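The chain contents come next:
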2 protein chains.
Amino acid sequence: MNMKKIVIILSGGMDSTTLLYYLLDKGYEVEAISFDYGQKHLKEVGRAKSICAVIGVSHTIIDMSSMGEHLQSSLTQDEEIPEGHYTDETMKSTVVPHRNLIMLSIANAIGLSKGIDTIAFAAHAGDHTIYPDCRRSFASIAELDLATSSDNYDIRVLCPFISIDKTDILRMGLKLKVPYEKTWTCYKGDEKSCGKCGTCVERLEAFEECGVKDPLEYE
Amino acid sequence: MNMKKIVIILSGGMDSTTLLYYLLDKGYEVEAISFDYGQKHLKEVGRAKSICAVIGVSHTIIDMSSMGEHLQSSLTQDEEIPEGHYTDETMKSTVVPHRNLIMLSIANAIGLSKGIDTIAFAAHAGDHTIYPDCRRSFASIAELDLATSSDNYDIRVLCPFISIDKTDILRMGLKLKVPYEKTWTCYKGDEKSCGKCGTCVERLEAFEECGVKDPLEYE
């Protein structure tokens, strides 16, 4: 088994796209997988596809859009995306139950089918408050669960950004020349980014703290 | 939260259909969920749907057929379904990586969206040799993983058949008047059951051991 191959979950947002560039910089051969789970901001997946096409990274989109209507989340249901700070109580409506576990188990299943044991996702320290599936404890138990599920104890779940925040990720990504103009973050998925939902606010804060202008257009 | 509601993963086969009747008999209000993961024997899902329709059980089908082509398994790829005994080495080609974990995480996500913490699946003692995701160790770690993933430590993964085999399940199901003529087992998914693939062989053995004729038609 080639030790340098890795699967990553690529949403097309800032964090996972930086992770893609980070892993390529480390010499990994990357297989990127994106998911249509019925999210309003499906345009992120189109961004992921374009980014991979330009740099010649293998990219697979898994269509699970039929799942979205059954999941209670403002990202998939006909309800307002909350505005405000990412860590606010109101942002909890953006949780999609077990999203990372669903994506990890499918992406790892696809990886194993190609002989790739290692999988990475872009959970970071800023996510932990409202998203339990972005914590280190989750990643550790998910790794054990994937191993037990397949009797393969070589499986590794990597989350290199688990202890750093979005500003740290951006600082790293700017050095790696990540094309942030091609990424998508806003949960609303309209023509321009709203600049008001939690994830837009967090993105704009990161750019401000790095002293760089965000190349995306905002309302 | 209503303690009597439960989600079950219903393939439309003998084991999960017996589990459905077993849980109804125990007084549970059941939400059944089936998956199209690109399996050749998709007709099992049609059987699940018909069974639920007749007895008035809520049934949801999740379409993840786009995943199948990426999963290495004789159930999803253009390769021969092996014939022989269920526990033979050759039957390993029928493993679908992480199938139960993928189904449990999605079905539990749907359950949580409706306020239902408990989920059941029909893993049984005969499966353990070749399917790691049918062992008690897997079910226990999956329960912890689902809890950690959602910060909900009320989640319970039930597998009432984990210590009994298919003959025991059938014996129980016959008492519960499970309509076995409406179930589907054969991995080949042709007009009639083949009677030769591992899962047909195991089914036929169970009927023979119970001294009852299998109501399905065989080649």
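Residue numbers restart at each chain and count upward from 1, following the sequence in its written direction. The naming scheme follows written order: chains are lettered A onward, ligands numbered 1 onward. pLDDT decides what is reported in this predicted model: residues at 70 or higher carry local features, side-chain atom pairs at 80 or more are listed and counted, and totals for whole chains, interfaces and linings draw on all residues regardless.

1. Regarding the interface of chain B and chain A
For step 1, the next point in the chain: Contacts are defined on C-beta atoms placed from the backbone: any two residues whose C-beta positions lie within 7 Å are in contact. Between chain B and chain A, the contact holds 34 residues from the first and 34 residues from the second.
For step 2, the next point in the chain: When its residues are assigned to classes, the side of chain B that touches chain A shows 17 nonpolar, 13 polar and 4 charged. Three categories are distinguished: nonpolar for Ala, Val, Leu, Ile, Met, Phe, Trp, Tyr, Cys and Pro, charged for Asp, Glu, Lys and Arg, and polar for the others, with Gly belonging to the last.

2. Considerations on the relation of the copies chain B and chain A
What relates the pair of chain copies is a rotation about an axis plus a shift along that axis.
For step 1, the next point in the chain: Mapping chain B onto chain A calls for a screw motion: a turn of 180° about the axis and a shift of 0.0 Å along it, with 0.0 Å RMSD after fitting. Look at the turn and shift together and you get a two-fold axis relating the two.
For step 2, the next point in the chain: Take the interface residues of chain B: 100% of them recur as interface residues in chain A, which is what a same-surface contact looks like. Least squares is the method for superposing the copies, and the C-alpha atoms it fits come from residues with pLDDT of at least 70 in both.

3. A word on the environment of A120 of chain A
All names here are of chain A.
For step 1, the next point in the chain: Helix and strand assignments come from DSSP, with helices taken as H or I runs of at least 4 residues and strands as E runs of at least 2, each series counted from the N terminus. Mapping A120 onto the fold places it in strand β4 (residues 118-120).
For step 2, the next point in the chain: Exposed residues have 12 or fewer other C-beta atoms within 10 Å of their own C-beta, buried residues have 20 or more, and partly exposed residues fall in between, where C-beta atoms are placed from the backbone. Judged by the 25 C-beta atoms lying within 10 Å of it, A120 falls in the buried class.
For step 3, the next point in the chain: Along the backbone, A120 and S105 are 15 residues apart, and their C-alpha atoms lie at a distance of 12 Å.
For step 4, the next point in the chain: Not counting chain neighbours up to four residues away, the residues in contact with A120 comprise I6, I8, L19, L23, L158, C159 and P160.

4. Describing the pairing of strand β1 (residues 5-9) of chain A
All names here are of chain A.
For step 1, the next point in the chain: Counting buried positions along β1 yields 4 of 5 residues, so the element is predominantly enclosed.
For step 2, the next point in the chain: Handedness of the β1-helix α1 (residues 14-25)-strand β2 (residues 29-36) crossover: right-handed.
For step 3, the next point in the chain: Only strands joined by at least two bridges in the DSSP assignment are considered to pair. Pairing of β1 with β4, which is carried by 2 bridges, proceeds in the parallel orientation. When the bridges of β4 are listed, I8 appears paired with A120. For the handedness criterion, the strands are oriented away from the viewer, and a crossover whose path from the first strand over the helix to the second runs clockwise is classed as right-handed.

5. Details of the confidence of the model for chain A
For step 1, the next point in the chain: pLDDT gives the predictor's per-residue confidence on a scale running from 0 to 100. Overall, the predicted model of chain A reaches an average pLDDT of 94, with 99% of residues at or above 70.
For step 2, the next point in the chain: The complex prediction reports pTM at 0.95, with the ipTM value standing at 0.94.

6. Things to note about the sheet that holds strand β3 (residues 58-63) of chain A
Residues and elements named next belong to chain A.
For step 1, the next point in the chain: The 5 strands lie next to each other as β3-β2-β1-β4-β5, forming an open sheet whose pairing is parallel. Of all the strands in the sheet, just β3 and β5 (156-158) have a single pairing partner and so form its edges. Across the sheet, the mean angle from the axis of one strand to that of its neighbour is 25°, orientation sign disregarded.
For step 2, the next point in the chain: Of the strand pairs in this sheet, β4 and β5 are connected by 3 bridges, and their pairing is parallel. Residue pairing in the sheet places A120 in a bridge with L158 of β5. Angles run from 0 to 180 degrees between N-to-C directions of axes, and those axes are lines fitted to C-alpha atoms, restricted for helices to the stretch in contact.

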